[in-house]
Every structure is written in structure tokens, then in C-alpha cells.
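Spelled out, the chains give:
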Amino acid sequence: MISLALDAASKRYPDTVALDTVSLEFPEGRITAVIGPSGCGKSTLLRLCNGLVRPDKGQVLAFGEPLRYDNLAPLRRRIGYAVQGSALFPHMSARDNISLLPRLEGWTPEAIEARIRELMALSHLAPEQLERYPHQLSGGQQQRVGLCRALVLRPDLLLLDEPFGAIDPITRRDIQHQFLELHRAEPRTTVLVTHDMPEALKLADHILVMATGRVVHSASRDDLLAQHPGEEPGALLERLLRGANP
Amino acid sequence: MRPFGYRVFLALLSAILLVASAGAEDPPIRIGSKTFTESYVLGEITAQLLQNRGLSVERALGLGGTLIAWEALKSGEIDVYPEYTGTLTQAVLKQPGLTLVELRSAVAAHELNIPVLLGFNNSYAVAVATPVAQRLGLNKVSDLRAQPQLTAGFSHEFLNRGDGWQALRQTYGLPQEARGIEHALGYDALEAGQLDITDAYSTDGELAARDISLLADDLNFFPSYQAILLTRADLPTEARAIIGELDDKLSEAIMRQLNYRVAIGGESPAAVAASFLRTSGLVADATVIEATRMDRILANTATHLKLTGIALLLACVVAIPLSLVLSRYQQLSRALLYGAGLVQTIPALALLALLIPLVGLGELPAVLALFLYSLLPIVRNTLTGLFSVDPLLKEVATGMGLTDGQRLWHVELPLAVPTLLAGIKTAAIISIGTATLAAFVGAGGLGEPIITGLNLNDHRLILEGALPAAALAIIVEVMFEWLERVIVPAHLRQ
């Protein structure tokens, strides 16, 4: 069964077409990067996947079923979600941010504690950082907590919207590395929206290039690198986009 | 969010509620009065006479104006209050020129009686400072016609009533323009030369001690204002018989003297009433048991806290859930804000007067008015708090799989709490100030000494209410700061 697919989905805003009849299936258990210039519709595509945006035409299929827009919360708990700047709840400690969903799900305190310990080890968070409020953590630490929060329920799917966008380059490299570790430990179908081609090539198994609401190129990373050996990532993205709009 | 803070908050509120639920006993005879010295004294005389004859009595003295006293009597909130025939015909019934017999049947239509004519006529009079009168040769009201440069200031009631300033001005053809002034301040302004003309009562004791002259009503403009006791028709026979003994017992000279002793001599209306009842032979041994100042302050403060506490609690219980529900609908939230804002623009006395026909006199209209005034700050701040939550946080909460209710409870509400708390604090402090007006509807509280003191020109009495009220406001402010420290993490405080 395919976890996540779009079937001729379109979304139009008053002045732009954000998504124009897109059909695709995300490779099971793999990381798919969605890349393109700002305004290309990549964020809309991501938000279609957990129902934050509803398509005008076509449909979104999760776990083989069309989304039921009248009751999305149960489905969303099977879909982890993290965004740029982490958007941690400022009135909760890091621990409370992470444990909110399992508490609402009725997990026992022991189960929650065990899961948190697991995630801390994978994301290199120190125990004392758990008790801090978000504003007492560095940007990188906040991003790790945000990732833990998205993964705490062991979701089948993970949606990431530019999650490493607002972090300095050195920290970003660390977190990207830890993210891959996490993925290897708990492989799941992941959609990563980014505007950074090196990041896409580093993290993703599969690359979707978008422009003006359409997917203009879809290929596995290995194929891409084989077809364009040694090419600088930025130039490669330019070439792929140009190929779409000659 | 630490649950400890909530628990303290709830404990405080329930303590206030507990104080509120006081016990009730047999229905006593309720005596009202208006807010000037003479009315206080007459109310006290009536109350003490009934008490002396063994009846249980409750005082609602200092009701804020004729209409409030009249409505209170009609609705059965009080059983008797001192009134004047002229006030009834002109200001209440608006049928000037009624004879006493006609007046009796007119009030009978409202289920009311006039069993007692006290024996004096307290007419309105026009007052000027004596030096001004001498310099300009003013003896009668028509002399004012030739002095357009004189400034006039009248009590708000005289300025606006049917037989007041406008009619006087027309009858005499007076050229002066008048502005409103608190009656208690009129004489001071006259003597200080800030004002040349004001209204006075012919039995006003204060006139004797001041350099003020009354002008003769040479066109017989002012109707007769015979002092009466106005009662409900269902006043028990026994009580009716007792107050009947007051018939024709007070001359203008006696009344002026009694007024003088309160207004200038600084005696309390209760003490003066007792001494009158003794010297007139109505009671053998009238002694007033007056509460000590400290007792009074404590009792008034407790009442004040009770009124504001209940009103605030009610406002929270209504405004917060309402705002939470309506925050989802922009248009409705705006309508709610406008509605609450509209209430805020109604002057407190007007609001009280509007409420009396609906809910009667006493604590209910006071609590209701305070409740209505508390709505706006709480609604506004709750909505502002909710609307100012970062939209990204709301979207992430939804995207994570929180239901609308969970998002509200775990994310939006906690983030709105600092603003919400500030709103409740504002409402509390406004209420403490506004609750001083509760005395006008007989609800007591710290406004009672303030209003009585203002009307009797007794500064110590004013301070007896004003200082505890100020202290209360400061204590509440500090309490809310502490509450905020307990509930809200430091980085989210405003």
C-alpha cells in the first residue's frame, strides 16, 4: 500500500495557481525532497498532505484512503509535522512540547519517558535541555526538539517544511547528519520541502523539482548524480528548471 | 501553566462567594431617604421611632435621587421615605397644580399613601452671596433680570426637573445661563465668588452659618413643597399608626435647626434624630447606638468586596467562555466588543436607574451594574489575547493533530492568559471604584460614607470611604501581580 499519494490535485488562490493537476506517489520508506523557487507551490503541496490545505480538484490519498476533511485529527497523528523555526509552544518546556501528543493519546508516563529517552539519544539532546523553555534553547536545539515532537508518536509519515532553513551552516550540517541517523533508525516515508539543492542532494533519496505549480522533474538522487557527474548542485537545479521552461 | 495558581484563584473566589451568602430574617420595615441632610434626618427620625416601638427596621438611606427612591418604593424595595408634595406633582407625576386631595388619590393609583404631613414647607429658593446681594440691591428673584453678568450654577436635579431652572427662567425672564454643579459644592462656590446664583432649600440649616441670602419668590413661582412621609399602601397598620405620631411635629425652624446641627455642627443624622425624638416627647429615652468607626469601615469594606467579588466572578464566568466561543467568528466577536463597549458608555447612575425597575433596589442592581462594567475589559482582553497568538503556532498545533478544542485549551488559552489576567485586573480595579456608587441604590459598601460625607459636607466621613477604597485598589493590584507571577512563566509576562 502506498502511504501518500496525490491524484490530479489542484489548488488555486485568487491571484495564483499554487498547484496545477499534480499526480504522484511518494516512494515508501524513503525521503523525498521537494525543491523549487519560492512561490512554486512546494509548501502548498506539503500542506495538502496533512489536510491544512484542501484541493479544489482531485484528491489526496493517505494510507490508501482519500482524506476525510471532517475529522482530520486522528489521521494527522499518524503524520509527523515540523516547520522552519520549529514553532515550539513557548509556554511549554521542551519536554512538555514533545510529550503533548502522547499525553493526549493517553500513553502511560513510563511509555512517554521511554520514548523521550529514545528520541533524545537519536537527536543528541541533553537531559537538562528538556526542562528548558524554547527561548532558553539555541536555534539548533529548538529544531531538534521540534523534530522529536514530530516523531514522538512513531508516525508512519513525516512532513518537513524547510526544517533546517533558519540555522547557521555549521549547526545545520550536524542536524542534517542526525536527521539521517534518525531516519536510518526509524525509516519512514518522508517529504522534505526545501529551497536548498545541496541539502536535497544530501538528505533525499528522491528529488521532485517544482515550478509554477507543476512537478517539472522527478528522479532518484542516484540517477541525477549519474546523469550530471560532478556538477555543482546550484547549477544542476538551474539546469533542471530551465529544462522545464525553455 | 501551573495548576497551583488556578487553585489559589478558585479558593479566593469561592471565599468571596461564601461571604456573600448571608442569612435572612423576618421582613423588616425598610426606610429610604434621598441624599441630602434633611432627608437623612427625616429617614433617621422615622427609623428610630419605629425601632423604639419595637419594630424591626432596615435603613436604605441616601438613595441617589427622587426617581430612584420613587421606583424603589413602588417596587417594594423600601416601605417608606420622606418626600415633598411639590416634588411629587412636578417631577414625578408631572401634574403641577394638584391639590393635596388630588395628590393623595394620584399616588393611591400607584398603591402608595401619604399618611403623614410633617408640618413644614421646604421650598426651593434662589440663593446669592450676601455681599453680592447688598452691592447690587438684590432682594427678590425678579431683581436678577437686570444683572445678566451674574453666573448661575444649579444642582443637576434642579437644572433638569420640570419645575426647575428652565421654568423659573421663563417665568421671570432671566438672562443668565446656568451650568450643573454638585449641590454640596454650591454654597462654597457662592462664598468663594466662583458662582453668583445657585439653588437652595428653605430649611437648609447651612444657610444660617453662611454669608448667603435667599431671594424672595415675588411671582410665587415655586410650588408648595410640604414635607410628607410617602409609604406603600401595604405598610402594616401598626407601623402606619406609629409614624402617624410624626404628623405636624416639625416646623421649618425646627427642621432648619436639625439640619444646621448635622451640616454645620457635625453631629450625625442619627444623633440629631434621637435628640429630636427625645425633646419632642415622642420617645422617653432615645439613645443612639452608633457603631464605632472601625466597625463601620470593616463592615463597609466587606460589603464592598462582596459586591465587586461577585460581579467580577460572574463577569469572568460569562465573558471568558463567551469570548472563547465567539473568537472563532470575527463578526460576532466584534459585535460582542461593541455591545460591551456600549454598556461602558452609560453613566453609572443612569445604569443604576435603568436597573431599578427591573431588579429593584439593594445589592442586585449594584452587582448587575458592576458585572456589566466588568464585561468589556475581560471580553476585550480575552479576544485580544486569543487573536494575538502566533498564527504559525496555531497552524502547527492543527497540523500535529490537535482538535480545535485541544488547540484552544493547550495552546491558545495558555498564551492568552497574561492578557486575559490583565483584563480581569482592570475590571477588578474599575469595579472597586464604581462600587462606591452602590450606595445610591442602598447596597452599602465604601460609597456609603463617601456619599453621606459629600452630602453632609463631612470630610472625615468622605475619607472613611475613600481611603479604604484606595487601599483596596492597591491590594487588588498587588494580588493580581502575585497571581500573574504564580501562573505565568517569566518570559511570557507582559
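Just so we're clear, the structure is a prediction, and the values are computed from it rather than from any experiment. (Residues numbered from 1 in each chain as written. Chains lettered and ligands numbered in written order. Predicted model: local features only at pLDDT ≥ 70, side-chain atom pairs only at ≥ 80, totals over all residues. Heavy atoms only, no water.)

1. Some remarks on the confidence of the model for chain A
In plain terms, the rule: Within a predicted model, pLDDT stands for the predictor's per-residue confidence, ranging from 0 to 100. The secondary structure listing takes helices from DSSP runs of H or I that are at least 4 residues long and strands from runs of E that are at least 2 residues long, numbered from the N terminus.
Scored by pLDDT, chain A has a mean of 89; 98% of the residues are at 70 or more. Looking over chain A, one finds the lowest element-wise mean pLDDT in helix α10 (residues 233–244) of chain A, namely 78, and the highest in helix α3 (residues 94–105) of chain A, namely 95.

2. Topic: the layout of surface pockets
Residue and element names in this part refer to chain B. Worth spelling out the cut-off: The definitions used throughout rest on a 1 Å grid laid over the protein atoms alone, on which a cavity is an enclosed set of points accommodating a 1.4 Å probe that cannot get out and a pocket is an open set flanked by protein within 12 Å on both sides along at least five of seven lines; lining residues are those having an atom within 4 Å of a point. Grid points are joined across faces, edges and corners, and a volume is the space filled by probe spheres set on the points. Think of it as three bins: nonpolar holds Ala, Val, Leu, Ile, Met, Phe, Trp, Tyr, Cys and Pro, charged holds Asp, Glu, Lys and Arg, and polar takes everything else, Gly as well.
Considered as a void within the structure, the second largest pocket measures approximately 920 Å³ in volume. Around the second largest pocket sit 33 residues that line it, and Gly64, Gly65, Thr66, His156 and Glu157 are the ones nearest its centre. Here the lining of the second largest pocket is built from residues that sort into 15 nonpolar, 13 polar and five charged.

3. Considerations on the interface of chain B and chain A
Stated formally: Note on contacts: a residue pair is in contact if any heavy atoms of the two residues lie within 4.5 Å. Any Lys or Arg side-chain nitrogen found within 4 Å of a carboxyl oxygen on Asp or Glu counts as a salt bridge. Polar contacts, as used here, are pairs of N or O atoms within 3.5 Å; protein pairs need one atom able to donate a hydrogen and one able to accept it. Residues neighboring in sequence count only if both atoms are side-chain atoms.
With 20 residues of chain B at the interface, the matching set in chain A holds 22 residues. Linking Glu395 of chain B and Arg47 of chain A is a salt bridge whose minimum nitrogen-to-oxygen distance equals 2.5 Å. The interface formed by chain B and chain A holds five residue pairs in polar contact (both at pLDDT 80 or more) in total. Contributing elements (two or more residues each) for the side of chain B that touches chain A: α18 (391–400) and α19 (404–434) of chain B. Counting residues per element, the side of chain B that touches chain A draws most heavily on α18 of chain B, which supplies eight residues. Split by residue class, the side of chain B that touches chain A holds twelve nonpolar, seven polar and one charged.

4. Re helix α4 (residues 109–123) of chain A
Residues and elements named next belong to chain A. For clarity, the cut-off: Expected helix span is computed as 1.5 Å times (number of residues minus one). In this scheme, a residue with accessible area under 20% of its type's maximum is buried, one over 50% is exposed, and one in between is partly exposed, where area comes from a 1.4 Å probe on protein chains only. The directions from the helix axis to the C-beta atoms are what the arc is built from.
In this model, α4 (15 residues) spans 21 Å end to end at C-alpha, consistent with the 21 Å of a helix rising 1.5 Å per residue. Taken as a whole, α4 has its buried residues at Ile112, Arg115, Ile116, Leu119, Met120, Leu122 and Ser123. Looking straight down α4, one finds its buried side chains confined to an arc of 165°; they lie on one side. Projecting away from the buried face of α4 at angles above 90 degrees are the exposed residues Glu110, Arg117 and Ala121. Of the surrounding elements, those touching the buried residues of α4 are α3, α5 (127–130), α6 (139–151) and α7 (169–185). Looking one or two residues past α4, His124 carries a phi angle of roughly 60°, positive in sign.

5. So, the sheet that holds strand β1 (residues 4–12) of chain A
Residue and element names in this part refer to chain A. What counts here: Strands are treated as partners if at least two bridges between them are detected by DSSP.
Read across the sheet, four strands follow the order β2-β1-β4-β5 without closing on themselves; strand pairing throughout is antiparallel. Unpaired on one side and paired on the other, β2 (17–25) and β5 (65–66) mark the two borders of the sheet. Relative to β5, strand β4 (residues 57–62) runs antiparallel, the two sharing two bridges. Along β5, the bridge assignment pairs Leu61 with Pro66.

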